[in-house]
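Each chain, letter by letter, is given below.
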Amino acid sequence: MPLTGEEIAKHNSRESCWVIVHGKAYDVTEFLPEHPGGPKIILKYAGKDATEEYEPIHPPDTLDKYLDKSKHLGVVDMKTVEKEEKEESPEEIERQQRIERMPILEQCYNLMDFEAVARGVMKKTAWAYYSSGADDEITMRENHTAFHKIWFRPRILVDVEKVDFTTTMLGTKVDIPFYVTATALGKLGNPEGEVVLTRAAKKHNVVQMIPTLASCSFDEIMDAAEGDQVQWMQLYVNKDREITKKIVQHAEKRGCKGLFITVDAPQLGRREKDMRSKFTDTGSNVQAGSTTDNSQGAARAISTFIDPGLSWKDIPWFQSITKMPIILKGVQRVEDVIRAIESGVQGVVLSNHGGRQLDFARSGIEVLAEVMPVLRERGWENRIEIFVDGGVRRATDIIKALCLGAKGVGIGRPFLYAMSAYGQPGVDRAMQLLKDEMEMNMRLIGCSNVDQLNPTLVDTRGLNMHTTSVPSDTLGMSVYDPLVSPKEKAK
Ligand SMILES: Cc1cc2c(cc1C)[n+](S(=O)(=O)[O-])c1c(=O)[nH]c(=O)nc-1n2C[C@H](O)[C@H](O)[C@H](O)COP(=O)(O)O
């Protein structure tokens, strides 16, 4: 006999807390203190249907995996559950009007166009989570502007009738030297989540890196791949190494072709836009009992499992549990690249996590310019594969990275924005635009394939001049004047 809404509604307290997810009831009373996002967000839905809030943050198999079967109470007759009358806030009404007026996809001519549209049409919490960087977002802005400090020295009178910008990454042949990097909580932007990126990656023959903190389950994302499509796994290392070992060996068994261990996030950064977007209810346990406020945003709420004790001594253990190539994601100085080579890993990603971690960390492209001359001096430039991510928005950014010695680049936010605003057609278009730009720019720089890209084609003298001007872009301004509504700002 299905449970009724009335019965569930009686269990609406810390002492007895039942919630409904996807039409089934769960007794989460004992789980409350263990919830990484803190008890408050669950108590907000005690005795009610929590599906809408639950969906973007938790892979579908979360309750089966982590809640004891005895707490699974069974099916609910949803006709008996009172629908919460949600009156639309003025913000939501304005957002719906922007969605009606949004540009058609064909009006997006570059990756920044997708960001501009997404900012207007995404839910506030989703935009805040995707767009936020740490502290004053200096590094987030630097990631993109660093590419503007590198100028080309193009060759002429080279036969560039045929241009081939395919390459290989960790032995996988790809159409163009970029991959879809790991970015969490895909369902915040699109109800289908990360599988949208899987399908687009297949269509454009590029690699997708599957995030630990995906909204879709790992297996859903692997199942969405077609044929010999290659995917990599991004790993946040769990304090409980048995859990990590299980995740890694399952990924290898499912056919993942690379293990990207994130090493720049012993604790997730303070992303103030994410915090402002009122994830207040999900203050994480990390803050439990602390003096700071609990509005730590989605990031902190979902990352209390990450092990800040991860260190170089763990690398041999990883090499003992998997045969997958191991790449350290988030390396930020040449000394650590040398140590990575000496420790026998197969690659590094020079990255500052999209500016979401340590503010004033240098851009990946600047670190690349520091690293490669030192490796060349040692004759080590081909000892590992070196990737860069952060602020890549144009094919010229990709070309600059390859000229300086990168194997390829990771791209994050642009594909999230394209997916959030236009779904898979948006991501397809974003990838196609990069391919079109790549073909043109390879011709104009005087190279017919990526092997010809080399340091003599770029002038990097301006690269380590850091100008941290007061933020002039809209992202920065919204950090500093949160009380001024866009309408007032527009006056
Ligand atoms: C935009 C974004 C980036 C995240 C990301 C989530 C978002 C929304 N998340 S995070 O929630 O923990 O910060 C991850 C993540 O799961 N794991 C990771 O290794 N990098 C994470 N990154 C960093 C990402 O892999 C790239 O380093 C970064 O996105 C590259 O910069 P662009 O966005 O400018 O391309």
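Nothing here was measured: the structure is a model prediction, and the numbers come from that model. (Residues numbered from 1 in each chain as written. Predicted model: local features only at pLDDT ≥ 70, side-chain atom pairs only at ≥ 80, totals over all residues. Heavy atoms only, no water.)

Turning our attention to the site of the ligand. Around the ligand, a shell composed of 23 residues is seen, among which Y129, A182, Y236, T262 and R393 lie nearest. Interatomic distance of 2.8 Å between a side-chain N/O atom of K329 and an oxygen atom of the ligand. At a separation of 2.8 Å, an oxygen atom of the ligand approaches a polar backbone atom of G412. Out of a free accessible area of 650 Å², the ligand has 100% covered by protein chains. Of all the secondary structure elements, the ones that give two or more residues to the shell around the ligand are α7 (124–131) and α18 (413–445). Split by residue class, the shell around the ligand holds seven nonpolar, 10 polar and six charged. (Near = heavy atom within 4 Å. Polar contact = N/O pair within 3.5 Å; in protein donor to acceptor, adjacent residues only side chain to side chain. Areas by Shrake-Rupley, 256 points an atom, 1.4 Å probe, with all protein chains shown as cover. Helix = DSSP H or I, 4+ residues; strand = E, 2+ residues; numbered from the N terminus. Nonpolar A, V, L, I, M, F, W, Y, C, P; charged D, E, K, R; others polar.)

Phi at E137 takes a positive value of approximately 60°, unusual for a residue other than glycine. Inspection of the secondary structure assignment puts E137 in the loop between α7 and α8 (138–145). Under the relative-accessibility criterion, E137 is labelled buried at 1%. Backbone geometry at L157 places phi at a positive 50°, although glycine is not the residue there. In this fold, L157 is placed in the loop between β4 (151–152) and β5 (167–169). (Buried < 20%, exposed > 50% of the residue type's maximum accessible area, 1.4 Å probe, protein only.)

Within the element layout of this structure, D397 appears in helix α17 (residues 395–403). Notably, D397 is buried but unbridged: the nearest opposite-charge side chain belongs to K400, and the N-O separation is 4.7 Å. Contacts of D397, omitting those with residues within four sequence positions, involve H144, F147, G391 and V392. (Lys, Arg positive; Asp, Glu negative; His and termini not counted. Salt bridge = Lys/Arg side-chain N within 4 Å of Asp/Glu carboxyl O. Contact = heavy atoms within 4.5 Å.)

Before going further, it helps to examine the environment of D314. Locating D314 in the fold gives a position in the loop between α13 (297–301) and α14 (315–321). If near-sequence neighbours (up to four positions away) are discounted, D314 is found in contact with R241 and G309.

Across the sheet, three strands lie side by side as β1-β2-β3; this open sheet has antiparallel pairing. Two strands bound the open sheet, and with one partner strand each, they are β1 (18–21) and β3 (72–75). Along the sheet, successive strands turn relative to each other by an average axial angle of 25°, direction set aside. Relative to β3, strand β2 (residues 24–27) is paired through three bridges, and the arrangement is antiparallel. In the strand pairing of β3, Y26 is matched with H72. (Pairing = 2+ DSSP bridges. Axes fitted to C-alpha atoms, helices over the stretch in contact; angles between N-to-C directions.)

Further remarks concern the pattern of salt bridges. For the structure on display, the rule yields 23 salt bridges. In this structure, the salt-bridge partner of E30 is K71, at a minimum N-O distance of 3.0 Å. With E30 in the loop between β2 and α2 (40–43) and K71 in the loop between α4 (62–66) and β3, the pair connects residues that are 41 residues apart, well separated along the chain. Look at E30 and you get exposed, because its relative accessible area is 54%. A relative accessible area of 18% places K71 in the buried class.

A few words now on the nonpolar core. Counting 108 residues, the largest nonpolar core has F178, V337, L350, L368, I386, F415 and L453 as its most contacted members. The element that contributes the greatest number of residues to this core is α18, accounting for 15 residues. Among all residues touching I386, those that are not within four sequence positions of it are V337, V348, L350, L368, V371, M372, L375, A406, K407 and G408. Membership of the second largest hydrophobic core comes to 14 residues, among which are V28, L32, I42 and A50. (Core = buried A, V, L, I, M, F, W, Y, C linked by side-chain atoms within 4.5 Å.)

This part takes up the packing of α7 against α18. For the pair α7 and α18, interaxial distance at closest approach is 10 Å and the crossing angle is 165°. In this view, α7 runs roughly antiparallel relative to α18, as classed from their interaxial angle. The hand of the α7/α18 crossing is left-handed. On α18, the residues that touch W127, Y130 and S131 of α7 are R413, L416, Y417, M419 and S420. (Parallel < 35°, antiparallel > 145°, perpendicular 65-115°, else oblique. Left-handed = near helix turned anticlockwise from the far one by under 90°.)

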